Each structure stands twice: as structure tokens, then as C-alpha cells.
Amino acid sequence: MKKTLLIATLLVIGSTAAMAQLPSFSLGIKGGVNYSQLKNKSDVTNQNSILGYQFGVWSRLGGAGVYLQPEVYLGSKGGENPIVVQTDGTEAQVKGKVKFTTLDVPVLLGTKFGPSKLNVRLMAGPVVSFLVNKNTTAEGAYQSIRDYKNQALGLQAGGGVDVGNLSVDLRYEAGLSNISKSDNYDQKQNLFHLSLGFKLL
């Protein structure tokens, strides 16, 4: 885990080496909320979303209205899905809630319109999520039937606004990989992000 954190942090901080060659460079912190859903193809009904958080660092480098924005942040996500459990030979449907803590590393390519202190941005790119912790509940049965992979791949797309040193981003993240280890489940993590950032450099 320490090695993963070190590599992810170096990905963001290491982009400072491009400052001398590129017209613009920014480094900042961010925090926000997300609304996530764990979609299971085998059961498309009653899949409820849960509220989570995120906080971390971002950098932005580029010029001529085009930029690259790598980020590193911790976040929580998951979902609530119905599952069938057996008790004394009878079946009952209960809600199983899953909540992950992940280290997310998106690398976004974007474009912006307007001056540096007041502009509108559009962005998209891949994101890799590393599992840090998970919590599952379903009357003791959920943990045994659903195990999860240590990393997942997704795609983020959205827009943002810069006002002075503040930035507001709204993105949608679509899961590209099945995060379940079970052959009986095909689960992908989808969520909306809303975050507020502050530019330090």
C-alpha cells in the first residue's frame, strides 16, 4: 500500500518537471462528494446509490487551450443491491450495502475557454482505482458471497469552471472492469463527482 501511495503521489508531483517547457502549470488540492451505484448486470432492479466523499491533489499543465490533468485522491464509493439469502431452507431478499475506500488516479485530457482566472473546461480520461478498504453489510451473508478485486479501471468525463484560484468540477465516472471476483456477478462502479478545488501554484 505504501508503494502504491508513493507511485501515485509521484505521478502528480513529478509533473512539475514540465514547468520549464510548458506555458502553464497549476498544482492544487480538492475535496468533494460523489453519488455512486454498484451496477450488477444479473439484477438491474432496486440498485440504490450511496453518498461518498473524495479529497486529494491535482495538477494541470498545458497551453493553447489544451491541458493534461493528473490527480490523486482518496474517496469512498459503493452501492446498495438486493441479494437473496437462505435461512433454514427458505429464501429471503435483503439489501446488501457495499462501501469502498479507494485511491483513485485519473489522468484527464481537457480543453478550456476563456482567460486563466475565469474559464470553462471540458475533460475526459481514464481512472485507475486501488482498493484500500471495504465494508459490506447484509445480515452476515454479504461478505461470504461477494469478494472484490484490488483495482479497477474506469472512464471519467465532465466539465468545470475556474474562478480565480477556485475550481468546481462535475464529472461522471463509468466503470469499465468487473470488480467482483465471483463468477456469478458482473459488477461495475458508476458515480457522479462534484468537487471544489483550490489552486496553490
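Everything here concerns the structure above.
Parameters and conventions
Residues numbered from 1 in each chain as written. Predicted model: local features only at pLDDT ≥ 70, side-chain atom pairs only at ≥ 80, totals over all residues. Heavy atoms only, no water. Pairing = 2+ DSSP bridges. Helix = DSSP H or I, 4+ residues; strand = E, 2+ residues; numbered from the N terminus. 1 Å grid on protein atoms, 1.4 Å probe; cavity = no way out; pocket = protein on both sides within 12 Å on 5 of 7 lines; lining within 4 Å. Points joined across faces, edges and corners; volume = space filled by probe spheres on them. Phe/Tyr/Trp six-rings, centres within 6.5 Å; stacked < 30°, edge-to-face > 60°. Buried < 20%, exposed > 50% of the residue type's maximum accessible area, 1.4 Å probe, protein only. Nonpolar A, V, L, I, M, F, W, Y, C, P; charged D, E, K, R; others polar. Salt bridge = Lys/Arg side-chain N within 4 Å of Asp/Glu carboxyl O.

S.K.: How should the pairing of strand 6 (residues 151-163) be read in this particular structure?
M.R.: The pairing of strand 6 with strand 7 (residues 166-175) spans 10 bridges and is classified as antiparallel. When the sheet's bridge partners are listed, Leu 155 is paired in strand 7 with Ala 174. Adjacent in sequence and paired antiparallel, strand 6 and strand 7 are bridged by 2 residues, among which Gly 164 carries a positive phi angle near 65 degrees.

S.K.: Would you explain empty space enclosed by the protein in this entry?
M.R.: Empty space among the atoms can be located by rolling a probe the size of a water molecule over them. Overall, the coordinates contain 2 cavities of 30 Å³ or more when judged by the stated rule. The calculated volume of the largest cavity comes to roughly 180 Å³. Forming the walls of the largest cavity are 18 residues, and the residues nearest its centre are Thr 102, Ser 129, Ala 152, Ile 179 and Gln 189. When contributions to the lining of the largest cavity are tallied by element, the ones reaching two or more residues are strand 4 (90-113), strand 5 (118-137), strand 6 and strand 7.

S.K.: I would appreciate a short explanation of the packing of aromatic side chains in the present structure.
M.R.: Remark: the centre distance and the inter-plane angle together describe each pair of aromatic rings, the angle taken between the planes. The final tally for this structure, using the stated rule, is 3 aromatic pairs. Seen in terms of ring centroids, Phe 100 and Tyr 148 are 5.0 Å apart; in terms of plane orientation they differ by 80 degrees. Their pairing is edge-to-face. Highlighted residues: Phe 100 in strand 4 and Tyr 148 in the loop between helix 2 (142-145) and strand 6, separated in sequence by 48 residues. Each member of the pair, Phe 100 as well as Tyr 148, carries the same accessibility label: buried. Pairing Tyr 172 with Phe 192 gives two aromatic rings, centres 4.8 Å apart and planes at 55 degrees, and the pair type is tilted. Here Phe 192 lies in strand 8 (residues 187-199) and Tyr 172 lies in strand 7, a separation of 20 residues in the sequence. Using a relative accessible area of 47% as the deciding quantity, one classes Phe 192 as partly exposed.

S.K.: Sorry, what's going on with the layout of surface pockets here?
M.R.: Size it by volume and the largest pocket reaches roughly 180 Å³. Together, 17 residues line the largest pocket, and Ser 26, Arg 60, Lys 112, Asp 162 and Lys 199 are the ones closest to its centre. Sorting the residues of the lining of the largest pocket by element identifies strand 1 (24-40), strand 2 (50-63) and strand 7 as the ones contributing at least two each. Broken down by element, the residue count for the lining of the largest pocket peaks at 4 residues, all from strand 2. A class-by-class count of the residues in the lining of the largest pocket yields 5 nonpolar, 8 polar and 4 charged.

S.K.: I would appreciate a short explanation of the pattern of salt bridges in the present structure.
M.R.: A side chain with one charge can pair with a side chain of the opposite charge if their charged atoms come near. The full count for this structure, using the stated rule, is 9 salt bridges. Lys 77 is paired through a salt bridge with Glu 173; the nearest N and O atoms lie 3.8 Å apart. You can see Lys 77 sitting in strand 3 (residues 66-87) and its partner Glu 173 sitting in strand 7, a full 96 residues away along the chain. For the residue pair Lys 77 and Glu 173, the accessibility class agrees, reading buried in each case. The partner of Lys 188 in a salt bridge is Asp 186, and the shortest N-O contact between them spans 3.1 Å. With a relative accessible area of 19%, Lys 188 lands in the buried category. Given the relative accessible area of 25%, Asp 186 is considered partly exposed. Through salt bridges with shared partners, a single ionic network connects Lys 30, Arg 60, Glu 71, Arg 121, Asp 162, Asp 169 and Arg 171.

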